[in-house]
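Next come the chains, spelled out residue by residue.
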Amino acid sequence: MTATSETPMTQQTQQTPPADSTVQSARDSLATATPGRVTLRSLRKVYGDDASATPAVRDVDLDIEPGEFITLLGPSGCGKTTTLRMIAGFETPTAGEIRLDDDLLNKVAPNKRPMAMVFQSYALFPHLSVFDNVAYGLKLKKMPSARVTEEVETALTSMNLGPYRDRAPHQMSGGQQQRVALARALVMRPKVLLFDEPLSNLDAKLRVQMRGEIRRLQRRLGITTVFVTHDQDEAMTMSDRIVVMNVGVIEQVDTPEEIYRHPLSVFVADFIGRANFLDVDVQGIEDGSARVSVLGRQWTVPSHPEVEVDAPVTLLVRPESVRLSPTDGRAVTGSVGRVLSSMFYGESIEYDIETEAGNLVVSVADPHAHETFSPGDYLDVGFEEGRAWLMPVGDEPQ
Amino acid sequence: MTDTLLPAAAAPVGASTPSPRPRRRSGRDLTLVTLVTVVSLLLFVIVGLPLIRILTVALSAEGWEIVSSMLTNPVNRRILWNTVQLGVLVAVLGTAVGFVMAYAQVRLKFRGKKLLHLIALMPIVSPPFAVATAAITMFGRNGIISNKLLGLDIDIYGLKGLVFVLTLSFFPVSYMNLKGMLESLDPSLDEAASNLGASKLKIFTSVTLPMLVPGIAGSFLLLFVESIADLANPLVLGGDYTVLASRAYLAVTGEYNVAGGAAYSLVLLVPALSVFLVQRYWVSRKNVVSVTGKPAGSPELITAPALRIPILGLALVVAGLVVLMYATVIFGGFVKIFGVNNDFTLSHYRFVLAGIGSDAMFTTTLLALVATPIAGLLGMLIAWLVVSKLKRTSGLMDFVGMLGLSVPGTVIGIGYAIAFNTPTILGGRQWFPAVAGGSAILGGAMAIVMVFVARSLPSGQRAGIAALQQINPAIDEASTSLGANSFTTFRKVTLPLIRPALLSGLTYAFARSMTTLSPIVFITTPQTKIMTSQILAEVDAGRFGNAFAYCAILIVIVLSFIGLLNLAMLHPSIRGIQRR
């Protein structure tokens, strides 16, 4: 069917062409859509008839600004995909409102919503060529065929897919199929772009590369984007704001940095990045900082606004803010800890340290620039005060 | 019952008040609502109504008398017992034969597999009398083999002959089922068992067989229903051995006792439907083998003589019998009276091709050609609604769609005769005129097309459902998300993707329409002659030569249609880009 006959594998190696000027201008010409504002109010979804069943999504409120890249992040079953599918119209909310700009969307059929979705499985039409896949939605709009050709060519160029227009989807690699799916969505000039775990079927390298590409494209087009993933790296690197969800509830909405540094709940702290939780004695709190004692010393750490002196609290210390140094101590007490195990990652080394406050995971960057330790070594354990975070132990769901 | 699917849309057309602003409903997918309504109404007319009518007649005073005497009256009890006995025997033997053929095909090493496969499928495309008449000619009291060759005096009429003929006719159903299952058994399971120390025989009894149990049970049940529902063979071969189907036929056509016919039908309907339900909702759930999945690899083929010789031997005997039957049909059409006067003649073919038979041939082919696309598309449409559109009502629609096949043909035929010989009146209004019977519009042809559609859409529906379950639902959603409504999605995405299923649906629809007899005998009319019922007349009159010629021509028509359809589907304009 196609003129070229190389296997998808050989092409994959020569992928990632530098985004040259034709590609850039093609991308720019796709950017005419006005980004939409999405508002979710008390959104709720209960599956089945049983009103007493646990809701998949309960009372979600969210404002997505025009042009914003927002990620719904959470473990499987947290309601992120259900929320996305309600925005797309594939699920009907049990209660609550979905608005696009000022229009109520609840009753609008999914095919009438000015949104486009990129699916985890790409969902390319296997019986249509790349060109026809991308042209599908435009033809449904009754666009004259000359315009369709022009638009599709632009979209394909913008995704570096020009040479593949006559291929069938199954003749392409996963990354290429992903680009087709993206072109097919973008060519519709949607007000909102929806992604349902689009990168999870790609291998690790390609995933990182597509991450950057989608992010750059989204910035350039300024299109409102809702991205669902369970991969925190994706969420951290791509999003303007992250929505962390758990058992149907939003735990926190914030920028990636805020979420990482100042999580509002133990769940968020644990889910984003890795976390050590230390039991501490709180001596006093004022102006968002607290005096605590742990590991045989007194520390002044930033604290969550809702922390109270007598309420149960925990101190979050990220593995990379733990500091280790050799010591004379020969017993696990006070600030002295003992190395249980070490793992070499290349760019970092990771230790499991036994201390009187519990076992700590410690990550030391660039092992060649630092002294390394072996299991059994006794070390003095401390941490960067300013990067710790004192937080309440709330009633965690589940 | 179907009206409850969509209360709003099912309101009588004439009674509708001026519709208040249709635009306000733009939130719902109106095309979907329309589609579901149309499909539900069609199903209601072609299967629902006849069944409801048969129930009302069977439960009337006159009918109920027979129904209630089923176990008390010794004659009726005998008929019931005969039916069950026949069903069980054929189900056991047919499943066994099907298993042997399938096992040989999938697991044994031998040459000529393709040929054996084609031979095993032959009975599917043949008209109901082919095997029966050939069996009488070969193995009857004056049979060429039984009497002339071996000097035996065998009475083929009755249970023996019926079991023999029905087994040969129906084993392909079980063959196809079990072959699919055997092929999708993961060979790594065999390897795992072997790795753990099991011998070939132990693997067969401890791994292969247990995994096939649901398949074997399923095909047992299917064959049971098929054989108790069969009418053609008991009419030709039954002799004194009366079964429910032939009793119902006699009541309607011989005694003009419609209530009696309906009563026997009801008794036949109960085991048929319950077995169907058990098969569908219980056995299929027990299934651990996914038949639709791709085979995970090919197992090592068996060359050990201890297994190969007996299994292959049995398979060859069965294949030999099938070939013998069809050779008889072909040869018998060209001689005066096969076995008595073996002079060459073309008179039988002249009768069919130029005489009275040509009328039936053209009418049947024409009506089957009309019914085939309707059945094929309707089957796909139902499959699509069931798999990806309907939620709560999908089970109901699936069930009603399958009724055309799960209800015995005799029952459908009598139902049609009751329901459509007179104008259909519901709620004091005439909805449509009589469509069945000699005085009906189009000489009763419409009812025949309806029966063809009802009988043949289930196979397309099944194939469609299996195909659709393989398609990722996201593909449907992608189309919707790009602005397509339900019908556009079906037309532009779903249908092209399930083309192979559509092809097999169309093939089955045509083959079934051409070869179905049991419902047709009740509604065929002098103006609308149907080949199968003409064959019955010829066989009844003892003119086997004509029957053979009819059968051979019917087979040729079915095979050419299948060939043409496959050719057409290969054409690029229909094929699209699909693969490679």
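Residues numbered from 1 in each chain as written. Chains lettered and ligands numbered in written order. Predicted model: local features only at pLDDT ≥ 70, side-chain atom pairs only at ≥ 80, totals over all residues. Heavy atoms only, no water.

Chain B is annotated in an unreviewed UniProt entry as ABC transmembrane type-1 domain-containing protein from Knoellia locipacati.

Colleague: So, the overall build of chain B: which residues are in play, and what are the values?
Modeller: Secondary structure summary: chain B contains 24 helices and four strands in total. Per-residue burial over chain B gives 54% buried out of 580 residues. In chain B, 78% of the contacts between residues at least 6 apart in sequence involve partners at least 24 apart. Within the structure as shown, chain B displays about 25600 Å² of accessible surface, and the carbon and sulfur contribution to it stands at 66%. (Helix = DSSP H or I, 4+ residues; strand = E, 2+ residues; numbered from the N terminus. Buried < 20%, exposed > 50% of the residue type's maximum accessible area, 1.4 Å probe, protein only. Contact = heavy atoms within 4.5 Å. Areas by Shrake-Rupley, 256 points an atom, 1.4 Å probe, with all protein chains shown as cover.)

Colleague: Just give me the short version of the pairing of strand β1 (residues 38-45) of chain A, but keep the residues and values in it.
Modeller: Residue and element names in this part refer to chain A. One ladder, built from five bridges, connects β1 with strand β2 (residues 57-64); its direction is antiparallel. Residue Thr39 lies in a different strand from β2, and its bridge partner there is Asp63. Note that β1 and strand β4 (residues 95-100) share five bridges and pair antiparallel. Within the sheet, the bridge partner assigned to Leu40 lies in β4 and is Ile98. (Pairing = 2+ DSSP bridges.)

Colleague: Could you give me a rundown of the interface of chain B and chain A, with the residues and numbers involved?
Modeller: Facing 26 residues of chain B, the contacting portion of chain A comprises 28 residues. Together, the buried faces of chain B and chain A total about 2400 Å²; carbon and sulfur atoms form 63% of this surface. Here B:Glu477 makes a salt bridge to A:Arg85, at a shortest N to O gap of 2.6 Å. At the junction of chain B and chain A, the tally comes to six residue pairs in polar contact (both at pLDDT 80 or more). For the side of chain B that touches chain A, the secondary-structure elements that each account for two or more residues are α19 (473-481) and α20 (486-497) of chain B. Broken down by element, the residue count for the side of chain B that touches chain A peaks at seven residues, all from α19(B). (Buried area = accessible area lost by both parts, 1.4 Å probe. Salt bridge = Lys/Arg side-chain N within 4 Å of Asp/Glu carboxyl O. Polar contact = N/O pair within 3.5 Å; in protein donor to acceptor, adjacent residues only side chain to side chain.)

Colleague: Report on the UniProt feature "domain: ABC transmembrane type-1" (unreviewed entry) in chain B, specifying residues and quantitative values.
Modeller: Within this structure's numbering, the places UniProt gives as "domain: ABC transmembrane type-1" (unreviewed entry) are residues 80-279 and 361-565 of chain B. Segment residues 80-279 of chain B splits into 79% helix and 0% strand. End C-alpha atoms: 21 Å apart. (UniProt positions renumbered as here; feature names shortened; annotations may be inferred.)

Colleague: Requested: an account of the packing of helix α15 (residues 356-389) of chain B against α20(B), with residues and values cited.
Modeller: Two quantities define a packed helix pair, namely the angle between the helix axes and the distance between the axes. Residues and elements named next belong to chain B. Interaxial distance between α15 and α20 falls to 12 Å at its minimum, and their mutual angle equals 110 degrees. Regarding the angle of α15 to α20, the classification is roughly perpendicular. Of the residues in α20, those touching α15 at Leu377, Met380, Leu381, Trp384 and Lys389 are Ser486, Phe490, Thr494 and Leu495. In the contact of α15 with α20, the residues fall into six nonpolar, two polar and one charged. (Axes fitted to C-alpha atoms, helices over the stretch in contact; angles between N-to-C directions. Parallel < 35°, antiparallel > 145°, perpendicular 65-115°, else oblique. Nonpolar A, V, L, I, M, F, W, Y, C, P; charged D, E, K, R; others polar.)

Colleague: Talk me through the confidence of the model for chain A; I want residue IDs and the actual numbers.
Modeller: Atomic detail in the predicted coordinates should be set aside for any region of low pLDDT. Residue and element names in this part refer to chain A. Confidence in the prediction of chain A, expressed as mean pLDDT, is 87, and 92% of residues score 70 or more. By mean pLDDT, helix α1 (residues 8-13) is the weakest element of chain A at 42, and strand β3 (residues 69-73) is the strongest at 96. For residues 1-17, every residue scores under 50 in pLDDT, and the model assigns this stretch 25 contacts once sequence neighbours within four places are set aside. (pLDDT = per-residue confidence, 0-100.)

Colleague: Give a description of the sheet that holds strand β21 (residues 389-392) of chain A that names residues and reports values.
Modeller: Where strands meet in a sheet, backbone hydrogen bonds hold them as pairs that are either parallel or antiparallel. Residues and elements named next belong to chain A. Strand order across the open sheet formed by three strands is β11-β15-β21, with antiparallel pairing between neighbours. The outermost strands of the open sheet, each flanked by one partner alone, are β11 (276-278) and β21. Neighbour-to-neighbour, the strand axes of this sheet turn through a mean angle of 35 degrees, independent of strand direction. The pairing of β11 with strand β15 (residues 313-317) spans three bridges and is antiparallel. Bridge pairing in β15 places Phe277 opposite Leu316.

Colleague: Summarise the domain arrangement of chain B; cite the residues concerned and give the values.
Modeller: Frequently, the measure chosen for interface size is the accessible area that the parts lose on association. Residue and element names in this part refer to chain B. What the domain assignment lists for chain B is domain 1 (52-288 + 304-332) and domain 2 (339-580). Measuring from the centre of the C-alpha atoms in domain 1 to the corresponding centre in domain 2 gives 22 Å. Counting residues at the interface gives 44 residues for domain 1, matched by 39 residues for domain 2. Across the interface of domain 1 and domain 2, roughly 3300 Å² is buried in total on both sides, 79% from carbon and sulfur atoms. One can count one salt bridge joining domain 1 with domain 2. Where Glu226 meets Arg512, a salt bridge forms, and the shortest distance between an N and an O atom there is 3.9 Å. At the boundary of domain 1 and domain 2, one finds zero residue pairs in polar contact (both at pLDDT 80 or more). When its residues are assigned to classes, the side of domain 1 that touches domain 2 shows 33 nonpolar, seven polar and four charged. (Domains from an automatic or database assignment.)

Colleague: Tell me about the pairing of strand β12 (residues 281-286) of chain A, and please be specific about residues and values.
Modeller: In terms of strand pairing, β12(A) meets strand β13 (residues 289-294) of chain A through five bridges, oriented antiparallel. Following the sheet pairing, A:Asp281 is matched in β13(A) by A:Ser293.

Colleague: Can you break down the packing of aromatic side chains residue by residue, with the values?
Modeller: Residues and elements named next belong to chain A. Applying the stated criterion to the full structure yields 19 aromatic pairs over all chains. Between Phe125 and Tyr136 the ring centres are 4.5 Å apart and the planes differ by 45 degrees, which places this aromatic pair in the tilted class. Here Phe125, found in the loop between β6 (115-118) and α4 (130-140), pairs with Tyr136, found in helix α4; they are 11 residues apart in sequence, far enough to count as distant. Given the relative accessible area of 0%, Phe125 is considered buried. Above the face of the Tyr260 ring, Arg318 is positioned so that its terminal group lies 4.1 Å from the ring centre. (Phe/Tyr/Trp six-rings, centres within 6.5 Å; stacked < 30°, edge-to-face > 60°. Lys NZ or Arg CZ within 6 Å of the ring centre and 35° of its normal.)

Colleague: Describe the sheet that holds β3(A), and please don't skip the residues or the numbers.
Modeller: Residue and element names in this part refer to chain A. Spatially, six strands are ordered β6-β7-β8-β3-β9-β10 in an open sheet, and the strand pairing comes out mixed. Edge positions in the open sheet fall to β6 and β10 (249-254), since each of these has one partner strand only. Going across the sheet, the axis of each strand differs from the next one's by a mean of 20 degrees, ignoring polarity. Sitting on the sheet, helix α3 (residues 80-88) is in contact with β3, β6, β7 (192-196), β8 (224-229) and β9 (241-246), with an inclination near 145 degrees to β7.

Colleague: Run through helix α16 (residues 394-406) of chain B, naming residues and quoting values.
Modeller: Residues spaced three or four apart along an α-helix point in a common direction, a consequence of the helix completing one turn every 3.6 residues. Between the first and last C-alpha of α16(B) there are 18 Å, a value that for 13 residues agrees with the 18 Å anticipated at 1.5 Å per step. Of the positions making up α16(B), those classed as buried are B:Ser394, B:Met397, B:Asp398, B:Val400, B:Gly401, B:Met402, B:Leu403, B:Gly404 and B:Ser406. (Expected span 1.5 Å × (residues − 1).)

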